[in-house]
Amino acid sequence: MRIFGVAVAVVILALSCHAIDSEESADRDDFYDSRERILEENYHGLIKENETFVEITPVIKVDEEKVCRLDIVKKQKDIPFKIKLDSGVGILESKRALNCEKRKNYKFEIVAVMCDGSHSENANVHISVVDINEYSPTFLQPSYVTEVDEGRLYQEILRVEATDKDCTPLFGDVCKYEILTLDQPFTIDNEGSIRNTEPLSHKISHNHILSVVAYDCAMKQSAPVMVNIRVRRICEPRISGIPERLDYTSNSMEKVFLFPKLHLELCDMKCKGEDMLISSTVSLKTKHMAFGCDRDLSKCSAKNSMQELLTKGTDYTKELITDDGVENIFHFDGTNGAVVPKSVIDVDGLASHSFTISAMFRHHSIVNNDKLTKEHVICSADSHKMNRHHFALFVRHCRLILLLRKNYNDGDLNIFLPAEWRWKIPQVCDNEWHHYTITVESPKVDLFIDGIKFEADQEDKHSNPEVIDDWPLHAAQGINTTLTIGACYQSSENRLKHGFRGDISSIKLSSRQAMSEEDIRCGMNCAERLLSPDEKLMEPEQQVQMNSEMNEIVIEGSNRQNVEKLLQKIQYINDKENPTLGRRNIQVSTTVSCPMRKAVRLPSIDSFIMIVDGEKHQNVTDHETPTITTDYQEINPQLTEEQRPQIVMSGNQNNLVSYPDIKSGVKFLDGLNIVVYTNEQILENLQKLDSCSVNVFPNLNADHEEITMSKQNHDHDLSPILDIKTTINKDGVEMIGYDTVANYLRILRSLIYINRKPAYYLNRVFKLSCSQLGDRFRSAEFTLTLTVLHPKQPTQAPLPTVTEKPAVAAREHDSSNMFAHVLLHAQEANEPHAKTSHMQRVSGVTHSTMLIIVICVSFVLLICGVGIARLRNQTQVTKSKKGHQSCVKNPSEQQLDWDDSALTITINPMQNDNLTDDSSDSENSDSDDEEVLNGRYKNVSQLEWDNTTM
């Protein structure tokens, strides 16, 4: 009972004390709420490193009649600021020059002292130190030395690195490196990576000394650092002396040596006791029409039997899209076509005779094309009422199909006859030029591809071609046929349908005669070809082989000097009238092997022949600038500035792109235009280019950046189709090939820049330049800036005005977030505020009080219960002793004895979820030692309850 009484007294005492505290707190809150607020809750300031004046937002304004001074509440040891009151405005200054590199932010409180001696509520002041560019970048090493092998192109030779002590990214980040030493074959990117732009030679220079500087983002230059690159002499088996480019004048019909200065270097390669085998292959690789061959069948015995159906300058082809060159090339996009008049050729009754049809075309294959889509090269269909196809040559699902329906008078209407021949061949879907010839001698039908007769594999011999039978066409009175090219006429809809996608150069038809295999082979002789060396130069054990198309030569031998001499005597000739202008690639590959050993492959050498217009031309077989005769007549150095061609580029040079757009890809040169002016005039025949390059600044990061070409609008694989070699790497895009400005624009406008992490960049700079006549005439650099629109930060609550009187000051966030945009506008430095009302604070206190009361009551009930149990147990023991005095106490009963002499219970009433909003956001890196008073206890140990005195 004594314990119970003490517990009740403690509870009553606690309730009395809490009631007194609640009354005092309420009175104090009413007092502060009734007072007029003198200062704002928060002020933000900016101060430069080299200044002492602090620019405060909002301005500290007070009533001079009420306020006599302003003081800084010194809760920290070092607050290098002082404040004074001048004409009702608080002026804050620093006591000394501040250093952003040592400390960026300061936080303290100020108070207004009334003239009657009272103090206002404290106001928080946040000061940010604004960096100035006082330091220049410095390199991590005093100098750099490295070694490289000669004759190699490195992606990276050496990486230099500099740092800057300034505290902000604008002044403290290194954004650019530069090599000051002129006329050196090296370049450096913005990350300090140095690489060589051409293979180095130990013979020319044993080492290269470079002077390199770094710039911060404000373009403040560092002191130069010396970089010494030593060239290490090394011998590697290789072929050298091959010119990168050889110019050939069209219609010259002359033979030129390809490699007159070729040198075959084998170093110390030898075979023990045996002769080694050297095998060199020279390949002429071209993606021009028909592989550079003249496919004119009229040169052979059947020259008078072939009728050309597709030529420029006719009335029925004038609406078609043609190539700008001299070649007879027509472009079809699946919607256009031409109707051939009956006066040109009549194909009625074609199935009743032997005939030959030949076509030269390049089909633009589409990925995942519908298996039922037909693309007609030529078609003869009903002219009205019905849609019957009588004769057609079309492509469907990578198959070349010949349709030939018998007429009603060509046989029994009830007998099936062969009507379709379907050849499954890869050539119709490889986006390359091919020549197809089909000879029909019923019932025999043969296909020749590029002059070679098609023979199916043994496993497909009975299914390729697949032959489909059908009934002959029934008689239809008064219905004629319409012959079309590039599509098929649909009379019921009165329009062309089933259009062809690709390029067609020639369609010829012999309606009464099937050409022999010899005649077809005759028409396949190549006008553009390689010429093998003279047999007199060959040694007994040497071999020189050439393929049937005369675009590949293989030389084998064991004598290095003799193989080298044979390679020097290989020639090139193009005796085709008006050949396709542009680039022809040449590749030289060599292997060296010993008997019973694995062959060693030497690095392949790539070169190219550029076919240009003109009457005079000087072959260039070394690295000198070629002299080219073109449509300008012969270019000479005496041309005036007005007469020299000018390549002018125009378009939008500043593009703004959003995050989603740049992640999915943007066509950054979509609005580009290029025009070549001569004497301030635009001449159509002079709108040609040799090369264009797009350089990216800084270089692309392969982890999340790339440049690709658009695959929409059938523009995929543009560069092979347009004879322009396009190379894309981290430096940008390089295009080489003599072609029209329009074709260059097709590729440039299809370039897509993709950045999967746009947050890393503010902008991207692309620099475009184009050249003409072997880099003799180059355009001015066209600079395009792609600016990334970064998403705006969530809108923050505005600073409280004088009329707002929140009871609890909002806790500050990280100062780096507060002033993210402070340099843009001085009044935009807003801080998020947590609003807490007086009722919320009272509610938090009430919950704490209730929790204490509940715990105390529970504890009292527990003590009472234990006491009653002990009394009952004591009663039973007393009765047992009276009845059995001789019995000893049971050990199990001894365990029920409870020693409460050292009973101590610790209770933490604050471990609950009812904290105020202020307590969850009260972290600050600049004032870690501050004590949180709102909604928390200053010392948790005070909550321990020691009952030793109870």
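Since the model is a prediction, treat every value here as computed from it, not as a measurement.

(A) Representation of the overall build of the chain within the structure. The helix and strand tally for the chain stands at 11 helices and 61 strands. Per-residue burial over the chain gives 43% buried out of 950 residues. In the chain, 71% of the contacts between residues at least 6 apart in sequence involve partners at least 24 apart. Carbon and sulfur atoms provide 49% of the accessible area of the chain, an area that totals close to 51,900 Å².

(B) Just helix H4 (residues 560-568), in detail. Within H4, the full set of buried residues consists of Asn562, Val563, Glu564, Leu566, Leu567 and Gln568. Looking at the buried positions of H4, the neighbouring elements they touch are strand S20 (256-257), strand S21 (263-265), strand S22 (277-285), strand S41 (543-546) and strand S42 (552-557). Here H4 starts with a cap whose side-chain oxygen sits 3.0 Å from the backbone nitrogen of Gln561, and that cap is Asn559.

(C) Representation of a positive patch on the surface within the structure. Judged by side-chain charge, Lys74, Lys82, Lys84 and Lys95 come together as a positively charged surface patch. Tracing the backbone shows Lys84 in strand S5 (residues 81-86). Residue class for Lys84 comes out partly exposed when judged on its relative accessible area of 44%.

(D) Fine view of the pattern of salt bridges. Overall, the coordinates contain 24 salt bridges when judged by the stated rule. Here Glu147 ties to Arg232 by a salt bridge, and the two come within 2.8 Å at their closest N and O atoms. Taken as a pair, Glu147 in strand S10 (residues 143-149) and Arg232 in strand S17 (residues 225-232) lie far apart in primary sequence, 85 residues in all. For Arg232, a relative accessible area of 36% translates into the label partly exposed.

(E) Up close: the sheet that holds strand S2 (residues 55-57). Pairing in this open sheet of five strands is mixed, and the strands run S2-S1-S8-S7-S4 from one edge to the other. Looking at which strands have only one partner, the edges of the open sheet turn out to be S2 and strand S4 (67-73). Recorded for the sheet is a direction-independent mean angle of 30 degrees between the axes of neighbouring strands. Taken together, the three bridges between strand S1 (residues 42-48) and S2 define a ladder with antiparallel strand orientation. The partner of Leu46 across the bridge, within S2, is Glu55.

(F) Molecular detail of unusual backbone geometry. Residue Ser442 is joined to Pro443 through a cis peptide bond whose omega torsion reads 5 degrees. Note the cis peptide between Asn464 and Pro465, where omega equals 10 degrees. For Pro465, the location among the structural elements is in the loop between strand S34 (452-453) and strand S35 (466-470). Non-glycine residue Ser87 carries a positive phi angle of around 55 degrees. With respect to the helices and strands, Ser87 occurs in the loop between S5 and strand S6 (89-94). You will see that Asp450, though not glycine, has its phi angle at about 55 degrees, which is positive. Note on Asp450: relative accessible area 12%, which makes it buried.

(G) Highlighting the nonpolar core. Of all hydrophobic cores here, the largest spans 42 residues; its most connected members are Phe361, Leu400, Leu402, Trp423, Ile425, Ile438 and Leu447. With four residues, the top contributor of residues to this core is strand S27 (residues 355-363). Ile573, Leu602, Ile611 and Val612 belong to the second largest nonpolar core, which has 37 residues in total.

(H) The arrangement of the sheet that holds S20 in detail. With respect to topology, three strands assemble into an open sheet ordered S20-S43-S40, the strand pairing being antiparallel. Only two strands of the sheet have a single partner each, and these edge strands are S20 and strand S40 (528-531). Where S20 and strand S43 (residues 571-574) come together, two bridges link them in antiparallel fashion. By the bridge assignment for S43, Val256 is matched with Tyr572.

(I) Structural detail: a negative patch on the surface. On the surface, Asp63, Glu64, Glu65 and Asp86 cluster together to form a negatively charged patch. On the secondary structure map, Asp63 appears in the loop between strand S3 (60-61) and S4.

(J) Region of the structure containing the packing of aromatic side chains. The final tally for this structure, using the stated rule, is nine aromatic pairs. When the centroid spacing of 5.4 Å and the interplanar angle of 75 degrees are considered together, the rings of Tyr753 and Phe766 count as edge-to-face. You can see Tyr753 sitting in strand S56 (residues 751-755) and its partner Phe766 sitting in strand S57 (residues 763-772), a full 13 residues away along the chain. Judged by relative accessible area, Tyr753 falls into the buried class, the value being 0%. Directly above the aromatic system of Tyr215 lies the positively charged group of Lys176, at a separation of 5.3 Å from the ring centroid. Above the plane of the ring of Phe257 lies Lys569, whose end atom (NZ or CZ) is 5.5 Å from the centre.

(K) Region of interest: the side chain of Thr317. Turning to its location among the elements, Thr317 is positioned in the loop between strand S23 (307-308) and strand S24 (321-322). Polar side-chain contacts of Thr317 include one of 2.4 Å to the side chain of Thr314. When sequence neighbours within four positions are dropped, the list of residues in contact with Thr317 reads Leu310, Thr311, Lys312 and Phe330.

(L) Representation of the pairing of strand S31 (residues 417-424) in the model. Looking at chain direction, strand S30 (residues 399-404) and S31 are connected through five bridges and run antiparallel. The residue bridging Leu403 from the neighbouring strand is Glu420, located in S31. As judged from the five bridges shared by S31 and S35, these two strands associate in the antiparallel manner. Residue Glu420 lies in a different strand from S35, and its bridge partner there is Ile468.

Thresholds applied
- One numbering rule holds for all chains: residues counted from 1, following each sequence as written.
- Per-residue local features of the predicted model are confined to residues with pLDDT of at least 70, and side-chain atom pairs are confined, for both listing and counting, to 80 or more; whole-chain, interface and lining totals are unaffected and use all residues.
- Excluded from the side-chain calculation are hydrogens and water; included are all heavy atoms of the structure.
- Only DSSP runs of H or I reaching four residues or more are called helices, and only runs of E reaching two or more are called strands; each is numbered from the N terminus.
- The classification of residues rests on relative accessible area computed with a 1.4 Å probe and restricted to protein chains. Under 20% of the type maximum is buried, over 50% is exposed, and intermediate values are partly exposed.
- Note on definitions: a residue-residue contact is assigned when non-hydrogen atoms from the two residues lie within 4.5 Å.
- Using a 1.4 Å probe, the Shrake-Rupley method yields the accessible areas, and only the shown protein chains count as cover for residues.
- Polar contact is defined as a pair of N or O atoms within 3.5 Å, subject to the rule that within protein one atom must be able to donate a hydrogen and the other to accept it, and that residues adjacent in sequence are counted only when both atoms are side-chain atoms.
- Note on patches: the residues involved have over 30% relative accessible area and no salt bridge, like charges join within 9 Å, and the nonpolar side chains Val, Leu, Ile, Met, Phe, Trp and Tyr join within 5 Å.
- One side-chain nitrogen of Lys or Arg within 4 Å of one carboxyl oxygen of Asp or Glu is enough to make a salt bridge.
- His residues and chain termini do not enter the charge count, which takes Lys and Arg as positive and Asp and Glu as negative.
- To locate a charge, take atom NZ for lysine, CZ for arginine, CG for aspartate or CD for glutamate.
- Note: two strands are recorded as paired if DSSP finds a minimum of 2 bridges between them.
- Throughout, an axis means a line fitted to C-alpha atoms (over the contacting stretch in the case of helices), and angles, computed between N-to-C directions, take values from 0 to 180 degrees.
- Residues belong to one nonpolar core when they are buried, are Ala, Val, Leu, Ile, Met, Phe, Trp, Tyr or Cys, and are joined through side-chain atoms within 4.5 Å.
- Planes of paired rings set the category: under 30 degrees apart is stacked, over 60 is edge-to-face and the rest tilted, where pairs are Phe, Tyr or Trp rings (Trp by its six-membered ring) whose centres lie within 6.5 Å.
- Here, a charge over a ring is recorded when the distance from Lys NZ or Arg CZ to the ring centre is within 6 Å and its angle to the ring normal is within 35 degrees.

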